[in-house]
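Chain residues, written in single-letter form:
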Amino acid sequence: MNRVQTEDFDISTEIAALTKGRSDIGAVVTFSGLVRDVTLTLEHYAGMTERELTKIEAEANTRWKLQAVTIIHRIGTLNPGDNIVLVITASTHRKDAFEAAEFLMDYLKTRAPFWKREGDTWVEAKASDDDAAERWK
Amino acid sequence: MNRVQTEDFDISTEIAALTKGRSDIGAVVTFSGLVRDVTLTLEHYAGMTERELTKIEAEANTRWKLQAVTIIHRIGTLNPGDNIVLVITASTHRKDAFEAAEFLMDYLKTRAPFWKREGDTWVEAKASDDDAAERWK
Amino acid sequence: MKLLYFASLRQKIGLPEEDVTPPDSVRDVADLIDWLMTRGPEYAAAFENKITIRAAIDQEHAKLDAPLGHPREVAFFPPVTGG
Amino acid sequence: MKLLYFASLRQKIGLPEEDVTPPDSVRDVADLIDWLMTRGPEYAAAFENKITIRAAIDQEHAKLDAPLGHPREVAFFPPVTGG
């Protein structure tokens with residue numbers, strides 16, 4: 001389940017939505033990305049973003065045995081300490097949950113059409129993110 | 001910050017306790033382990049457990065650059081879908097947070113003195129957990 | 001076809017989107033960029049460092065040598081920085 | 001010294017803990033196990049598969065060949081299964 005939104009998210013609520021009433025999930029991994037030090041404005045390519053998130057989630061499901069995946073990405077203006085992104089993976093086993101969460105973040109960082117701006121300056125993409133995504137090829 | 005407790009935990013509350021008022025944390029990874037299908041009773045070696053959790057946390061801090069770590073492990077009788085364990089890692093970068101969380105779980109699974117019982121039968125240790133811990137040697 | 005520009009490209013070109021009718025000789029993404037660069041100094045500046053430009057045809061990532069076909073929309077943007 | 005037994009070992013021996021005074025010849029963890037196994041069939045059964053037994057001396061993991069020294073407590077337990 002994927003969403004792009006301006007509002008904040010609550011991790012416990014999102015986990016509960018995935019796990020409630022189930023007894024087949026043994027491992028839940030969450031990654032949340034937070035704004036550090038500066039105020040950021042996030043824009044995205046509406047339409048393409050949702051397609052990319054769906055594709056990234058589908059790709060994770062072909063590679064790992066997952067019971068559920070959530071991706072939430074915020075847009076708009078965010079302040080230091082604010083949440084930017086949330087990925088949740090639920091699986092029977094922890095290895096699948098961990099690897100899939102790392103994969104989702106690496107792919108998000110290099111394929112989902114979001115851009116960060118700090119004041120008038122666009123944040124530069126990092127080579128380390130490309131390297132991180134490369135290892136899943 | 002490590003705890004052994006019978007009560008449940010709330011992941012959002014625990015994350016907030018780590019990140020509140022800070023703007024130097026960019027990545028938070030959580031792992032929660034849940035009971036699958038059966039009712040389990042968990043016992044531990046009080047005293048040694050706390051020492052082991054402290055050692056495991058210290059070891060993670062020597063290997064990765066972490067801003068904060070939380071480990072919470074429940075004891076007592078737990079039902080399907082209940083939380084068993086929570087690990088949270090907070091770092092500037094996602095790679096440190098992910099790797100440290102995996103390491104903490106692998107070490108917990110093989111070094112922290114907890115035992116699970118299902119009815120009258122003690123749960124057997126898994127070779128896959130030993131293998132997972134081996135890779136950090 | 002509809003063109004969309006995002007982030008620093010939108011800023012340099014000064015438009016979020018526009019409709020264009022490129023000549024028949026424009027067959028792939030690289031051709032389209034070359035043609036756009038002839039349209040004015042703001043385009044020339046925006047597409048100057050072609051290797052760093054990312055494109056999407058109908059909301060799917062496309063390489064420079066990807067054939068255009070008959071798309072509804074083509075988007076240009078810098079490397080993504082979300083997450 | 002105080003001995004503690006956990007999980008299946010406690011169940012087999014029938015005690016959570018006890019105070020013992022092993023002879024001077026008991027120098028390491030393996031010696032202690034061998035000596036305990038002479039104390040009755042429940043001990044013999046509990047320590048039967050010595051390779052699977054884990055020990056801790058004063059709450060620190062200890063291998064079978066770890067010297068005992070003069071510990072306050074020695075614990076025996078099966079491989080851990082928390083997490």
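The structure we're discussing is the one just above.
For the structure given in this document, a descriptive report is provided here. (Residues numbered from 1 in each chain as written. Chains lettered and ligands numbered in written order. Predicted model: local features only at pLDDT ≥ 70, side-chain atom pairs only at ≥ 80, totals over all residues. Heavy atoms only, no water.)

1. Focus: the packing of helix α3 (residues 94–111) of chain A against helix α4 (residues 127–134) of chain A
Residues and elements named next belong to chain A. Note the threshold: Lines are fitted to the C-alpha atoms to define the axes, a helix being fitted only along its stretch in contact, and any angle between axes, read from their N-to-C directions, falls within 0 to 180 degrees. In this description a helix means any DSSP run of H or I spanning at least four residues, a strand means any run of E spanning at least two, and both kinds are numbered starting from the N terminus. Just so you know how the angles are binned, under 35 degrees is roughly parallel, over 145 roughly antiparallel, 65 to 115 roughly perpendicular, and the rest oblique. Crossing handedness is read from the near helix: turned anticlockwise from the far helix by less than a right angle, it gives a left-handed crossing, and turned clockwise, a right-handed one. For this analysis, residues touch if any pair of their heavy atoms sits within 4.5 Å. In this classification, the charged set is Asp, Glu, Lys and Arg, the nonpolar set is Ala, Val, Leu, Ile, Met, Phe, Trp, Tyr, Cys and Pro, and all remaining amino acids, among them Gly, are polar.
Where α3 contacts α4, the axes come no closer than 9 Å and their chain directions differ by 130°. Regarding the angle of α3 to α4, the classification is oblique. In this structure, α3 meets α4 at a crossing whose hand is left-handed. Contacts from Asp106, Tyr107, Lys109 and Thr110 in α3 reach Asp129, Asp130, Ala132 and Ala133 in α4. Here the residues of the contact of α3 with α4 sort into 3 nonpolar, 1 polar and 4 charged.

2. Re the arrangement of the chains
Among the 3 pairs of chains in contact, the pair with the most contacts is chains A and B. Spatially, chain A is disjoint from chain D: no contact exists, and the shortest C-alpha separation is 10 Å. When C-alpha atoms are compared, chain C and chain D, though not in contact, are closest at a spacing of 29 Å.

3. Description of the sheet that holds strand β6 (residues 83–91) of chain A
The condition is simple: If DSSP finds at least two bridges between two strands, the strands pair.
Reading across the sheet, the 8 strands line up as β1(A)-β4(A)-β6(A)-β2(A)-β2(B)-β6(B)-β4(B)-β1(B) and stay open at both edges, with mixed pairing between neighbours. Strands at the two margins of the open sheet, each flanked by one partner only, are β1 (2–5) of chain A together with β1 (2–5) of chain B. The average undirected angle you get between the axes of adjacent strands in this sheet is 10°. Looking at chain direction, β1 of chain B and strand β4 (residues 68–74) of chain B are connected through 4 bridges and run parallel. The residue of β4 of chain B that forms the bridge with Arg3 of chain B is Ile72 of chain B. Its contacts with the sheet place α3 of chain A against β2 (27–34), β4 (68–74) and β6 of chain A together with β2 (27–34) of chain B, and it is angled at close to 145° to β6 of chain A.

4. Describing the interface of chain A and chain B
For interface size, the figure often reported is the accessible area lost on association. Our working definition: Accessible area that two parts lose when put together, with a 1.4 Å probe and added across both, is what the buried area reports. For this analysis, a salt bridge means a side-chain nitrogen from Lys or Arg found within 4 Å of a carboxyl oxygen belonging to Asp or Glu. Contacts described as polar in this section are N or O atom pairs within 3.5 Å, which, within protein, must combine one atom able to donate a hydrogen with one able to accept it, while residues neighboring in sequence count only if both atoms come from side chains.
Counting residues at the interface gives 34 residues for chain A, matched by 34 residues for chain B. Of the roughly 2,700 Å² buried where chain A meets chain B, counting both sides, 53% is carbon and sulfur surface. Looking at the side of chain A facing chain B, the largest losses of area belong to Arg36, Arg94 and Phe98 of chain A, adding up to 26% of the total buried there. Residue Arg94 of chain B is joined to Asp106 of chain A by a salt bridge in which the shortest nitrogen-to-oxygen separation is 2.7 Å. Between the two partners, chain A and chain B, sit 16 residue pairs in polar contact (both at pLDDT 80 or more). Of all elements in the fold, only α1 (11–19), β2, α3 and α4 of chain A reach the threshold of two or more residues within the side of chain A that touches chain B.

5. Remarks on the pattern of salt bridges
For the record, the criterion: Exposed residues in this analysis have more than 50% of their type's maximum accessible area, buried residues have under 20%, and partly exposed residues fall in between, with area computed by a 1.4 Å probe over protein chains only.
What the rule picks out here adds up to 36 salt bridges over all chains. Between Asp24 of chain A and Arg22 of chain A there is a salt bridge; the shortest N-O distance is 2.9 Å. Here Asp24 of chain A falls in the partly exposed class, since its relative accessible area comes to 28%. For the salt bridge of Arg135 of chain B with Asp106 of chain B, the shortest nitrogen-to-oxygen distance reads 2.7 Å. Taken together, the residues span a long stretch of sequence, with Arg135 of chain B in the segment after α4 (127–134) and Asp106 of chain B in helix α3 (residues 94–111) at a distance of 29 residues. We classify Arg135 of chain B as partly exposed; its relative accessible area is 44%. Exposure remark for Asp106 of chain B: the relative accessible area of 2% places this residue in the buried category.

Nothing here speaks to function; it is all geometry.
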